[in-house]
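# Observations on the three-dimensional arrangement
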Amino acid sequence: MKDLQQHKVNYLNQFKERTYGRNLLKSEDLFDAPSEECGIFGLYSDKDLDTFSLSQFGLFALQHRGQEACGISVMKNGKIFNIKDEGLVLDVYKNIREPETFMGNSAIGHTRYTTAGDKKKYNFQPFFAKNEYDQIILSIAHNGNLTNAEELKKELEAEGVVFKATSDSEVILRLIQKNLDLGLRGAIKATMEKIEGAYSVVGMTRNKFFAFRDFHGIRPLILGAIDEKTFVAASESVALDAVGAQYVRDILPGEIVYTSENESGLKSFLVKENCENRICAFEYIYFARPDSKLENINVHEIREKSGMKIWEQAPVEADIVIGVPDSGVPAAIGFSIASGIPFRPVLIKNRYIGRSFIVPTQEMRERIVNLKLNPILSEIKGKRVVIIDDSIVRGTTSKRLVKILKDAGVKEIHFRSVSPPIIAPCYLGIDTPSKDDLISANMSVEELRDYLGVDSLEFLSMDNLKVILGSSNHCFGCFTEEYPVPAGPNPDYTDE
């Protein structure tokens, strides 16, 4: 048990030194893992700060939420400066030739994961609006999807508003801009009363900072403080840790937090009282870093409990338990604790591999899997193995993993998914394939077991997932096809 505890400590400590890889095996295939759209970060102080460095630290901690592009806006001496480009956080920051330009008293930033839609720079965030003097007066970064974006865009275009991007995030920007004569809080309130779907937003004007969250709290948004005059808002609590901020609380569904030009400190306003919190269950299962807290719940503990619970639900005789790194490891540790079957970290990741290789043949593409993940043969040959993964989406990478283990001489393979079967796409900030591409929507568990070629296959039940999360008040749409808000007439409009 002491060795298992040390595994847990080592597992969590590694993310302080490097970015979180989620499930490295799945990164080869866009449709074989759900993709979070982005991470957002915001910082405000009454005093000048090194916003260049602090925003870099915060966004680096959120790199797992988007690897295609990065951008920041900084408030300095009543002006807003913006930069955004393709690449990882550190790649974008190292190309900033004059860091002092981005040192002010407030900053917002965004890491983007391109899914549907194009990868043009005009879709990179933060988005900003200018006045007639070509000065930036408003900038926002958004995580989520609007379900009525197309309809609102047409309304605004009919009023003469010109759009420069194809993202629903610009709809939020233009609505706030249009209503600024109501004051900042009034403009945000009017915007929230028009838009539908999932959204967490951080933003700034030339002298104010704000953050707000949709009426169901589907996408996360955390509030922290470095000191009594310096506040941070971010998608996950790990971004607070990265800048030395203390966790304060999660921003409430339907809440606006904002600064005032004449008063110090951060103010709060609820656009709608008594909103039901329906945060996405997949944040806990897959997206968030394991050392994060969401709604004051430790993500690693949830994943560890999921492994314990699936052992209770579907026990099996085996020699070792392994987890698909990184996201399956905490559940494998939990399974080991509950079952007494030894956990072994025998799937070795190549920490230096980046995006997918460009190779012309299927035969060579198959070999890429072994570059990303390779087993320690002596630990598994001739053994009965339980493999724990966070989910099965299209099934192709799970099948490849099974082949790797069989080629290594494993005697039996018992596959456990610590999420229920994914049977429906998400329209609220996660990019999942259409229902036709979701293997659990098209196969029974027994058919899927046969397709994967494993000796047994089990999914965590919905009832047990609710027990682990301690509530039924989450968005479970991808498991149940029931969403907190309607999908809208054209959910494919957005790419942010």
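Residues numbered from 1 in each chain as written. Predicted model: local features only at pLDDT ≥ 70, side-chain atom pairs only at ≥ 80, totals over all residues. Heavy atoms only, no water.

Attention now goes to helix H5 (residues 168-178). With nine of its eleven residues buried, H5 lies for the most part within the structure. Those residues of H5 that sit buried are Asp 168, Ser 169, Glu 170, Val 171, Ile 172, Leu 173, Arg 174, Leu 175 and Ile 176. Structurally, H5 contributes buried residues whose contacts are with strand E6 (127-130), strand E7 (136-146), helix H4 (149-158), helix H6 (184-192), strand E8 (197-205) and strand E9 (209-213). For H5, the N-terminal cap is Ser 167; the gap from its side-chain oxygen to the backbone nitrogen of Ser 169 is 3.0 Å. (Buried < 20%, exposed > 50% of the residue type's maximum accessible area, 1.4 Å probe, protein only. Helix = DSSP H or I, 4+ residues; strand = E, 2+ residues; numbered from the N terminus. Contact = heavy atoms within 4.5 Å. Polar contact = N/O pair within 3.5 Å; in protein donor to acceptor, adjacent residues only side chain to side chain.)

Within E7, eleven of the eleven residues are buried, leaving the element largely enclosed by the surrounding structure. As paired elements, E6 and E7 share four bridges and run antiparallel to each other. For Ala 129, the partnering residue across the bridge sits in E7 and is Leu 138. From the end of E6 to the start of E7, which pair antiparallel, there are five residues, and Asp 134 there has a positive phi angle of about 65 degrees. Bridge analysis of E7 against E8 gives nine bridges, and the strand direction is antiparallel. Bridging across to E8, Ile 140 finds its partner in Gly 203. (Pairing = 2+ DSSP bridges.)

With that settled, the discussion passes to the sheet that holds strand E11 (residues 230-234). Reading across the sheet, the seven strands line up as E4-E3-E5-E2-E11-E10-E12 and stay open at both edges, with antiparallel pairing between neighbours. Strands with a single pairing partner mark the edges of an open sheet, and in this sheet they are strand E4 (79-86) and strand E12 (246-250). Strand after strand, the sheet turns through a mean of 15 degrees between neighbouring axes, direction not considered. Where strand E3 (residues 69-76) meets strand E5 (residues 106-112), seven bridges bridge the pair, whose relative direction is antiparallel. When the bridges of E5 are listed, Ser 73 appears paired with Ile 108. (Axes fitted to C-alpha atoms, helices over the stretch in contact; angles between N-to-C directions.)

Attention shifts here to the sheet that holds strand E13 (residues 255-259). As summarised here, the arrangement of the six strands in space is E6-E7-E8-E9-E13-E14, forming an open sheet in which the pairing is antiparallel. Looking at the sheet topology across the chains shown, the edges are occupied by E6 and strand E14 (266-270). Recorded for the sheet is a direction-independent mean angle of 15 degrees between the axes of neighbouring strands. Bridge count for E8 against E9 is five bridges, and the pairing is antiparallel. Directly across from Ser 200, in E9, lies its bridge partner Arg 213. Packing of H6 onto the sheet brings it into contact with E8, E9, E13 and E14, and relative to E13 it is tilted by some 160 degrees.

We now examine the UniProt feature "binding site: [4Fe-4S] cluster" (unreviewed entry) in the chain. According to UniProt, the feature "binding site: [4Fe-4S] cluster" (unreviewed entry) maps to Cys 280, Cys 426, Cys 475 and Cys 478 in the numbering used here. In sequence the annotated residues extend across 199 residues, while in space they remain close, none of their C-alpha pairs exceeding 10.2 Å. Mapped onto the fold, Cys 426 is located in the loop between strand E21 (412-417) and strand E22 (430-431). For Cys 426, a relative accessible area of 15% gives the class buried. Note that Cys 475 resides in the loop between helix H15 (462-469) and helix H16 (477-480). (UniProt positions renumbered as here; feature names shortened; annotations may be inferred.)

Turning to its location among the elements, Asp 463 is positioned in helix H15. Between the C-alpha atom of Asp 463 and that of Pro 420, which follows or precedes it by 43 residues, the distance is 9.5 Å.

Applying the stated rule across the entire model yields ten aromatic pairs. Both rings, one in Phe 210 and one in Phe 212, keep their centres 6.2 Å apart while their planes meet at 20 degrees; by these two values the pair is stacked. For Phe 212, a relative accessible area of 0% gives the class buried. A centroid spacing of 5.3 Å and a plane angle of 65 degrees characterise the contact between Tyr 286 and Phe 287, whose relative ring orientation is edge-to-face. By relative accessible area, Tyr 286 is classed as buried at 3%. Sitting above the plane of the Phe 269 ring, Arg 185 keeps its charged end 4.0 Å from the centroid. Geometry around Tyr 451 places Lys 399 over its ring, the cationic atom sitting 4.5 Å from the centre. (Phe/Tyr/Trp six-rings, centres within 6.5 Å; stacked < 30°, edge-to-face > 60°. Lys NZ or Arg CZ within 6 Å of the ring centre and 35° of its normal.)

Turning to the nonpolar core, a few remarks are in order. Of all hydrophobic cores here, the largest spans 71 residues; its most connected members are Phe 41, Tyr 93, Phe 282, Phe 335, Ile 388, Leu 465 and Phe 479. Both domains that furnish three or more residues to this core are identified here as domain 1 (35-277) and domain 2 (298-479). In contact with Ile 388, other than residues within four places in its own chain, are Val 321, Ile 322, Gly 323, Val 324, Gly 328, Ala 331, Ala 332, Phe 335, Arg 416 and Val 418. With 29 residues, the next largest nonpolar core counts Ala 165, Met 192, Phe 212 and Tyr 258 among its residues. (Core = buried A, V, L, I, M, F, W, Y, C linked by side-chain atoms within 4.5 Å. Domains from an automatic or database assignment.)

With that settled, the discussion passes to the confidence of the model for the chain. Do not read the predicted coordinates in detail wherever pLDDT is low. When pLDDT is averaged across the chain, the result is 88; 85% of the residues are at 70 or more. Here residues 27-31 scores under 50 on pLDDT; set against residues more than four positions off or in separate chains, the count is 18 contacts. Confidence drops under a pLDDT of 50 for residues 490-496, and excluding neighbours within four residues, the segment shows 32 contacts in the predicted structure. (pLDDT = per-residue confidence, 0-100.)

Under the local residue numbering, the UniProt record ascribes the feature "active site" (unreviewed entry) to Cys 38. Secondary-structure assignment places Cys 38 in strand E2 (residues 38-45). A residue is classified by how much of its surface remains accessible, and Cys 38, at 0% relative accessible area, is buried. Look past the residues within four positions of Cys 38 in its chain and what remains in contact with it is Arg 65, His 110, Thr 111, Arg 112, His 142, Asn 143 and Ser 235.

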